[in-house]
Amino acid sequence: MSNPTDAELKEVCLLDDDPSVLKSMHYLLASEGLKVRTFSKAEDFLTHASTHQVPVVVTDIWMDQVTGLEVLARLCAISPKTRVIVITAREDLGARATAMSIGPVAFFMKSFNDEKFIAAVRDAFGQS
């Protein structure tokens, strides 16, 4: 893994297979002055995380091909210091319990309160 740049230290990665969610969340985070990198495929994000420092990732649980839970499991191995915020549109108590056992910073049901979401992202960076 390369040495992180200042920009990477404040970068939020977004992982969701819904382009409209990526677009709206990118806009929300960028409007707060955060650098944002979006990924619509889990494999692309995991490749990035294996070669770059990823301080914070926001990931959906239910995506095509690879679930967010699989991403979290693999992320723990390649980037254990990454802080995770989980989002989902589908209430699934089993998936929620599994995600929470991995230790995300926050868990949000779509559509969520923007201010609470931004507060969780800032908390993930230690900027409460």
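Conventions we followed
- Residues numbered from 1 in each chain as written.
- Predicted model: local features only at pLDDT ≥ 70, side-chain atom pairs only at ≥ 80, totals over all residues.
- Heavy atoms only, no water.
- Phe/Tyr/Trp six-rings, centres within 6.5 Å; stacked < 30°, edge-to-face > 60°.
- Buried < 20%, exposed > 50% of the residue type's maximum accessible area, 1.4 Å probe, protein only.
- Pairing = 2+ DSSP bridges.
- Helix = DSSP H or I, 4+ residues; strand = E, 2+ residues; numbered from the N terminus.
- Axes fitted to C-alpha atoms, helices over the stretch in contact; angles between N-to-C directions.
- Contact = heavy atoms within 4.5 Å.
- Polar contact = N/O pair within 3.5 Å; in protein donor to acceptor, adjacent residues only side chain to side chain.
- Parallel < 35°, antiparallel > 145°, perpendicular 65-115°, else oblique.
- Left-handed = near helix turned anticlockwise from the far one by under 90°.
- Core = buried A, V, L, I, M, F, W, Y, C linked by side-chain atoms within 4.5 Å.
- Salt bridge = Lys/Arg side-chain N within 4 Å of Asp/Glu carboxyl O.

Participant: Help me understand the packing of aromatic side chains, please; the structure alone is not making it clear to me.
Facilitator: Any aromatic ring pair is given by two values, namely how distant the centres are and how the planes are angled relative to each other. Enumeration according to the criterion identifies 4 aromatic pairs in this entry. When the centroid spacing of 5.5 Å and the interplanar angle of 70 degrees are considered together, the rings of Phe39 and Phe45 count as edge-to-face. Residue class for Phe39 comes out buried when judged on its relative accessible area of 10%. In this structure Phe45 comes out as buried when scored by relative accessible area, which is 0%. Members of the aromatic cluster, each reached through a chain of ring pairs, are Phe108, Phe112 and Phe117.

Participant: How should I be thinking about the sheet that holds strand S2 (residues 35-39) in this particular structure?
Facilitator: The strands that make up a sheet pair up through hydrogen bonds in the backbone, lying either parallel or antiparallel. Pairing within the open sheet is parallel, and its 5 strands lie in the order S2-S1-S3-S4-S5. Bordering the open sheet on either side are S2 and strand S5 (106-109), each of which pairs with just one other strand. On average, adjacent strands in this sheet sit at an angle of 20 degrees to one another, irrespective of strand direction. Bridging between strand S4 (residues 83-88) and S5 involves 4 bridges; their strand directions are parallel. Bridged to Thr88 within S5 is Met109.

Participant: For this particular structure, what's the right way to read the environment of Val121?
Facilitator: Here Val121 is to be found in helix H6 (residues 114-124). As a C-alpha pair, Val121 and Val84 span 37 residues in sequence and 9.0 Å in three-dimensional space. Once you skip the residues sitting within four places of it in the chain, Val121 turns out to touch Val12, Leu29, Leu34 and Ile85.

Participant: Would you mind showing me how to read the side chain of Glu11 here?
Facilitator: In this structure, Glu11 sits in strand S1 (residues 11-15). Of the residues examined, Glu11 reaches a relative accessible area of 1% and is grouped as buried. Here the side chain of Glu11 touches Lys35 through a polar contact of 3.2 Å, side chain to side chain. Looking at Glu11, its side chain comes within polar contact range of the side chain of Arg37, at 3.2 Å.

Participant: Would you explain the packing of helix H3 (residues 42-51) against helix H4 (residues 68-78) in this entry?
Facilitator: The geometry of a pair of packed helices is captured by two quantities: the angle between their axes and the separation between those axes. Interaxial distance between H3 and H4 falls to 10 Å at its minimum, and their mutual angle equals 10 degrees. With respect to each other, H3 and H4 are oriented roughly parallel. Considering the relative orientation of H3 and H4, their crossing is right-handed. Between H3, through Ala42, Glu43, Phe45, Leu46, Ala49 and Ser50, and H4, the contact on the second element is made entirely by Val71, Arg74, Leu75 and Ile78.

Participant: Is there a simple way to explain the nonpolar core in this structure?
Facilitator: Soluble globular proteins tend to bury their nonpolar side chains together. Core analysis: the largest hydrophobic core is formed by 22 residues, its most contacted members being Val12, Leu29 and Phe117. Sorting the residues of this core by element identifies S1, helix H2 (19-31), strand S3 (56-60), S4, S5 and H6 as the ones contributing at least two each. In contact with Phe117, not counting residues within four places along its chain, are Met25, Leu28, Leu29, Val58, Ile85, Ile87, Phe108 and Phe112. By size, the runner-up hydrophobic cluster in this structure holds 19 residues, among which are Leu46, Val57, Leu75 and Val86.

Participant: Please clarify how the pattern of salt bridges should be interpreted in this entry.
Facilitator: Opposite charge on two side chains allows them to pair when their charged atoms are near. Scanning the model with the defined rule gives 4 salt bridges in all. Close ionic contact of Glu11 with Arg37 constitutes a salt bridge, the shortest N to O distance being 3.2 Å. Highlighted residues: Glu11 in strand S1 and Arg37 in strand S2, separated in sequence by 26 residues. Judged by its relative accessible area of 31%, Arg37 falls in the partly exposed class. Ionic pairing is found between Glu43 and Arg74, a salt bridge with its closest N-O pair at 2.8 Å. Of the two residues, Glu43 is situated in helix H3 and Arg74 in helix H4; the sequence distance between them amounts to 31 residues. Classification of Arg74 as partly exposed rests on a relative accessible area of 38%. Ionic contacts of the salt-bridge type, sharing partners, join the residues Glu11, Lys35 and Arg37 into one network.

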